[in-house]
Amino acid sequence: MTEYVDVAIEAVTFDYWNTLVYESGGQLRGRRLEAWAGILEDTGFAIERERLEATFDSAWDRYVEHWTANQQFHAVQAAEHILEQLGFDIPPAAQEKLTDAFTNAGAGVDFHLVDGITDTLQALKDAGLKLGIICDVGFTPSDVLRDHLIRRGLLPLFDHWSFSDEVGAYKPAPEIFTHALEGLGGPAPERTAHVGDLRRTDITGAMNMGMLAVRYTGVFDDPTDGPDGDIVVASMADLPAALGIATSD
């Protein structure tokens with residue numbers, strides 16, 4: 001479903017994962033698992049794959065608990081949790097290698113760009129809108145996420161970005177949305193749209209701020225309970241028109 005709005009939109013913020021970019025299924029998890037298995041074996045701590053996967057799952061569960069409670073849980077903490085769960089007496093140098101491999105698994109990886117995102121961002125920019133990013137960081141830190149956008153030529157299209165590991169808050173907390181609005185020069189929330197895929201974080205957070213909430217379903221159509229959004233689009237190509245932005249052919 002695509003709705004259209006009457007209010008003049010002055011700024012648009014975007015979620016990162018599954019809105020700007022997406023990864024192949026389990027790509028980063030696989031890189032972390034392979035790196036850890038190799039480092040552990042080289043250090044004399046060979047481990048069954050199933051056990052290593054279980055400890056990784058435990059770290060992700062811990063992240064989700066913190067994410068839901070709006071408590072920061074970064075990649076370094078996840079690596080520490082995994083090491084504790086494994087129970088090995090691993091030398092400090094090997095621990096450092098493991099932590100680095102976990103934190104920087106996404107470095108240099110070219111994630112997939114969402115179909116049509118480059119043209120859509122350029123169209124919004126050409127129309128004079130301010131553009132921002134509001135991202136809940138998981139185990140891949142913000143500097144790695146920005147580096148990816150730099151390599152793909154997208155970061156210069158954004159006027160500001162708000163990453164949770166730098167702001168200190170996750171969506172739907174108002175702090176991270178306020179950080180984004182202030183960084184964009186203070187556009188009125190009702191004249192600002194936020195585009196994202198998750199009902200609990202993106203849609204609820206934007207609506208609570210009085211922003212126009214746009215749920216993007218082109219990569220992930222969130223099946224959980226929660227608000228549907230003021231606008232739902234399955235294609236980024238439909239976003240400018242849905243926001244009332246005229247584009248040239």
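These numbers come from a predicted model, not from an experiment.

> Quick rundown of the overall build of the chain? Include the residues and the values.
Summing up its helical and strand segments, the chain has 10 helices and eight strands in all. In summary, the chain has a C-alpha radius of gyration of 19 Å against a globular reference of 18 Å for 249 residues, a match within 12%. Principal axes of the C-alpha set define a box for the chain whose edges measure 65 × 35 × 30 Å. In the chain, the proportion of contacts linking residues at least 24 apart, taken out of those at least 6 apart, comes to 71%. When the accessible area of the chain is evaluated, it comes to approximately 11200 Å², of which 47% is carbon and sulfur surface. Distance between charge centroids for the chain: 3 Å, based on 17 positive and 41 negative side chains.

> Just give me the short version of the nonpolar core, but keep the residues and values in it.
The biggest cluster of nonpolar side chains holds 39 residues, and the ones touching the most others in it are Val12, Phe14, Tyr16, Leu20 and Leu243. Setting aside anything within four residues of it in sequence, one finds leucine 20 in contact with Phe14, Asp15, His112, Leu113, Val114, Ile117, Leu121, Ile133, Leu149 and Phe158. Formed by 25 residues, the second largest nonpolar core is a distinct cluster that contains Phe73, Ala75, Ile90 and Leu98.

> Let's hear about the sheet that holds strand 8 (residues 231–233): which residues, and what values?
In space, the six strands of this open sheet follow the order 5-4-1-6-7-8, with parallel pairing throughout. The open sheet terminates on both sides in strands that have one partner only, identified here as strand 5 (160–163) and strand 8. Strand after strand, the sheet turns through a mean of 20° between neighbouring axes, direction not considered. With four bridges connecting them, strand 1 (residues 11–14) and strand 6 (residues 192–196) associate as parallel partners.

> Go over the layout of surface pockets, please, and point to the residues and values.
Its volume calculated, the largest pocket comes out at about 920 Å³. Trp17, Asn18, Glu23, Trp60 and Tyr63 are the residues nearest the centre of the largest pocket, which is lined by 32 residues in total. Contributions of two or more residues to the lining of the largest pocket are made by helix 1 (27–42), helix 2 (49–68) and helix 9 (199–209).

> A description of the packing of aromatic side chains should follow, citing residues and the corresponding values.
Taken as a whole and assessed by the stated rule, the structure comprises 14 aromatic pairs. Consider the rings of tryptophan 17 and phenylalanine 111, whose centres lie 5.0 Å apart with planes at 75°: the pair is edge-to-face. Of this pair, tryptophan 17 sits in the loop between strand 1 and strand 2 (21–22) while phenylalanine 111 sits in the loop between helix 4 (92–103) and strand 3 (112–113); the two residues are 94 residues apart in sequence, bridging distant segments of the chain. When its relative accessible area of 19% is taken as the criterion, tryptophan 17 is described as buried. Geometrically, the ring pair formed by tyrosine 63 and tryptophan 67 is stacked, given 5.8 Å between the ring centres and 15° between the ring planes. Taken together, the positions of tyrosine 63 and tryptophan 67, both in helix 2 and four residues apart, correspond to about one turn of that helix. Of the two residues examined, tyrosine 63 and tryptophan 67, each falls in the buried class. One Lys or Arg, arginine 32, reaches over the ring of phenylalanine 102 and ends 4.8 Å from the middle of that ring. Above the face of the tryptophan 67 ring, arginine 200 is positioned so that its terminal group lies 4.6 Å from the ring centre.

The rules we used
Residues numbered from 1 in each chain as written. Predicted model: local features only at pLDDT ≥ 70, side-chain atom pairs only at ≥ 80, totals over all residues. Heavy atoms only, no water. Helix = DSSP H or I, 4+ residues; strand = E, 2+ residues; numbered from the N terminus. Rg over C-alpha atoms; globule rule 2.2 N^0.38 Å. Contact = heavy atoms within 4.5 Å. Areas by Shrake-Rupley, 256 points an atom, 1.4 Å probe, with all protein chains shown as cover. Lys, Arg positive; Asp, Glu negative; His and termini not counted. Charge placed at Lys NZ, Arg CZ, Asp CG, Glu CD. Core = buried A, V, L, I, M, F, W, Y, C linked by side-chain atoms within 4.5 Å. Buried < 20%, exposed > 50% of the residue type's maximum accessible area, 1.4 Å probe, protein only. Pairing = 2+ DSSP bridges. Axes fitted to C-alpha atoms, helices over the stretch in contact; angles between N-to-C directions. 1 Å grid on protein atoms, 1.4 Å probe; cavity = no way out; pocket = protein on both sides within 12 Å on 5 of 7 lines; lining within 4 Å. Points joined across faces, edges and corners; volume = space filled by probe spheres on them. Phe/Tyr/Trp six-rings, centres within 6.5 Å; stacked < 30°, edge-to-face > 60°. Lys NZ or Arg CZ within 6 Å of the ring centre and 35° of its normal.

Geometric values such as these leave the question of function open.
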